Amino acid sequence: MTKQRILSGMRATSPKLHIGNYEGALRNWVNLQDDYKVYSMVADWHALTTLEGDPQDIRRNSLEVAKDFVAGGIDPAKSAVFIQSDVKEHAEMQLLFSMVVGVGKLERNPTYKDMVKGLSKSTLVSMGLLGYPVLQASDILLYKPYGVPVGKDQAPHLELSREIGRAFNSRYGEVFPDFKDMIDKDESRSKLPGLDADDEGKLRKMSKSYGNCIYLNETADETAKRIKSAFTTPSKMRLTDPGIPEGCAVCQYLKLYSPDWEKQWAEDVAGERGCSQSKKELTEAINEFLRPMRERRAELDDAAILEILARGADEAREVASATMDEVRKAMKLA
Ligand code: ATP
Ligand code: MG
């Protein structure tokens, strides 16, 4: 029996993925790949929507992100790993979907508003940024997936993708089946906090573009240095001051990576341990967790990943082009 499909992606906004990308998305892709055909996409076109400053080497970012997929446990013998721009059907679908979605709906999208707020004044607010969810709907719906495993921040986009699919169906006939959100209920995984805090002293999401990350592919020493800089309970100045683990990045990570986290949290709350001890123990736990990924990553050179990506693009194109044939027929373009 052919397997049902799963589609998900990561933007090529940086050459490095972080533990939030892993916990919120990649971990689930890896767990699903025995039972489903997983299409793991490096979204290079999406990276163009918010990049500021000098043009980046997006192709380089894409290759490195794809290596992180494989190092993180994606098995290219089971799953298709591909780069978005290698499958041109995504662009054609985006153009056609853009005819069934109202500008007002896109302008009201909360993620769009937040992104515009986050951009520096001199940065262009492009039509590409406004249309981001339309491209994302294309990425998803072309594969008619059973489900889309992503982090919590993507929930509004998935809903928009669903609405775009429905709008198309009601105009041109049933082409796109509904799909499931596959978002981990445990927010400590689906919305992993970053190493820093926002202006109000609250934790904010770990993001490639904020640079507040623990990366999957750095040395043990680099990882230790990042953890040293992590935000902890601001009112805990001395070891004996009580900590508030819910608002402390280090305690949040301990919960995921340390088997002793309950004891560590209790000591933190009771003022029986200092933040530097927690950071030291966390560093050991995370470095242990990342070790096998670092080892797999070291074996992957450009030639190996290019071969995987070429095969993955062929597999993706096969599905995407069949859907495009259906779409063109439904729209009476063919
Ligand atoms: P950028 O800042 O460029 O948007 P990002 O870190 O938000 O980068 P994306 O490429 O936008 O990463 O997202 C890739 C996947 O990782 C998505 O499924 C997203 O929901 C998930 N993800 C991103 N950040 C986190 C996080 N902090 N916790 C859990 N999941 C996350
Ligand atoms: Mg993002």
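Procedures and definitions
- Counting of residues starts from 1 at the beginning of each chain's written sequence and follows it residue by residue.
- Here every chain gets a letter starting at A, and every ligand a number starting at 1, in the order they are written.
- With pLDDT at 70 or above as the cut-off, local features in this predicted model cover only qualifying residues; side-chain atom pairs require 80 or more to be listed or tallied, and sums for whole chains, interfaces and linings still use all residues.
- Hydrogens and water molecules were not included; the side-chain quantities draw on all heavy atoms of the structure.
- Runs of H or I in DSSP of at least four residues are treated as helices and runs of E of at least two as strands, each being numbered from the N terminus.
- Per-residue accessibility, obtained with a 1.4 Å probe over protein chains only, is compared with the maximum for each type, and a residue is labelled buried under 20%, exposed over 50%, and partly exposed between these values.
- We call two residues in contact when some of their heavy atoms are within 4.5 Å.
- Neighbouring residues are identified by heavy atoms, a residue being near a molecule or strand if any of them is within 4 Å of it.
- Whenever a nitrogen or oxygen atom comes within 3.5 Å of another N or O atom, the pair is scored as a polar contact, on the condition that within protein one atom can donate a hydrogen and the other can accept it, and that pairs from neighbouring residues in sequence are kept only if both atoms are in side chains.
- Using a 1.4 Å probe, accessible areas were evaluated by the Shrake-Rupley method; residue-level cover was limited to the displayed protein chains.
- Just so you know the grouping, Ala, Val, Leu, Ile, Met, Phe, Trp, Tyr, Cys and Pro go in nonpolar, Asp, Glu, Lys and Arg go in charged, and all remaining residues, Gly too, go in polar.
- Directions from the helix axis toward the C-beta atoms define the arc.
- Where each domain starts and ends comes from a domain assignment, either automatic or drawn from a database.
- Summed over both partners, the accessible surface that disappears when two parts come together, traced with a 1.4 Å probe, is what is meant by buried area.
- The salt bridge definition used is simple: a Lys or Arg side-chain nitrogen within 4 Å of an Asp or Glu carboxyl oxygen.
- To form a nonpolar core, buried Ala, Val, Leu, Ile, Met, Phe, Trp, Tyr and Cys residues must be joined to one another through side-chain atoms within 4.5 Å.
- Only the stretch in contact is used when a helix axis is fitted, and all axes are lines through C-alpha atoms; the angle between N-to-C directions ranges over 0 to 180 degrees.
- Here the word oblique covers every angle except those under 35 degrees (roughly parallel), over 145 (roughly antiparallel) and from 65 to 115 (roughly perpendicular).
- Crossing chirality is assigned from the near helix's rotation relative to the far helix, an anticlockwise turn below a right angle marking it left-handed and a clockwise turn marking it right-handed.

Engineer: Sorry if this is basic, but what is going on with the side chain of threonine 232 here?
Structural biologist: Mapped onto the elements, threonine 232 comes out in the loop between helix 11 (220–228) and helix 12 (249–257). Take threonine 232: its relative accessible area is 15%, and that puts it in the buried class. Excluding anything up to four places from it in sequence, threonine 232 contacts Cys248, Val250, Cys275 and Lys279.

Engineer: Please explain the site of ligand 1 as it appears in this structure.
Structural biologist: If you check the shell around ligand 1, you find 22 residues, and the closest are Thr13, His18, Asp153, Lys208 and Ser209. The contact in question runs from a nitrogen atom of ligand 1 to an N or O atom on the backbone of leucine 192, over 2.9 Å. Contact with the protein chains covers 96% of the free accessible surface of ligand 1, which is 590 Å². Among the secondary structure elements, those contributing two or more residues to the shell around ligand 1 are strand 1 (5–11), helix 1 (19–32) and helix 10 (187–190). Classifying every residue of the shell around ligand 1 gives 5 nonpolar, 11 polar and 6 charged.

Engineer: Help me understand helix 4 (residues 89–97), please; the structure alone is not making it clear to me.
Structural biologist: For an α-helix, the turn length of 3.6 residues means that residues three or four places apart are oriented alike. Every buried residue of helix 4 is listed here: Glu89, His90, Met93, Leu96 and Phe97. All buried residues of helix 4 project into a common sector of 130° when viewed along the axis, lining one side. If you follow the buried residues of helix 4, they end up packed against strand 2 (37–43), helix 2 (44–47), strand 3 (80–83), helix 8 (132–141), helix 9 (155–172) and helix 15 (302–330).

Engineer: Help me understand the domain arrangement of the protein, please; the structure alone is not making it clear to me.
Structural biologist: One widely used convention gives an interface's size as the accessible area the parts lose upon coming together. Per the domain assignment, the segments making up the protein are domain 1 (5–185 + 301–330) and domain 2 (192–295). Together, the buried faces of domain 1 and domain 2 total about 1500 Å²; carbon and sulfur atoms form 68% of this surface. Of all residues in domain 1, Lys16, His18 and Ile19 give up the largest surface area on contact with domain 2, accounting jointly for 44% of the area buried on that side. Summed over the shared surface of domain 1 and domain 2, the number is 1 salt bridge. We note a salt bridge from lysine 16 to glutamate 218, for which the minimum N-O separation is 2.7 Å.

Engineer: Sorry, what's going on with the environment of valine 70 here?
Structural biologist: Take valine 70: it is sitting in helix 3 (residues 58–71). Given a relative accessible area of 12%, valine 70 falls into the buried group. Counting along the chain gives 44 residues from valine 70 to leucine 26, while the straight-line C-alpha distance between them is 9.8 Å. Once residues lying within four places of it in the same chain are set aside, the contact partners of valine 70 are Pro76, Arg296, Leu300, Ile305 and Ile308.

Engineer: Would you mind showing me how to read the nonpolar core here?
Structural biologist: Within soluble globular proteins, side chains that are nonpolar generally end up buried alongside one another. Core analysis: the largest hydrophobic core is formed by 52 residues, its most contacted members being Ile19, Leu26, Phe69 and Tyr253. For this core, the two domains that each supply at least three residues are domain 1 (5–185 + 301–330) and domain 2 (192–295). Listed in part, the 40 residues of the second largest apolar core include Phe82, Leu142, Tyr143 and Ala330.

Engineer: I tried to follow the packing of helix 4 against helix 8 on my own but got confused; where do I start?
Structural biologist: In helix packing, the relevant descriptors are the interaxial angle and the interaxial distance, both defined with respect to the helix axes. As a packed pair, helix 4 and helix 8 sit with axes 8 Å apart at the nearest point and diverge in direction by 125°. Looking at the two axes, helix 4 sits oblique to helix 8. Helix 4 and helix 8 meet at a crossing whose hand is right-handed. Taking contact as the criterion, the partners of His90, Met93, Gln94 and Phe97 in helix 4 are, on helix 8, Val134, Leu135, Ala137, Ser138, Asp139 and Leu141. Of the residues contributing to the contact of helix 4 with helix 8, the split by class is 6 nonpolar, 3 polar and 1 charged.

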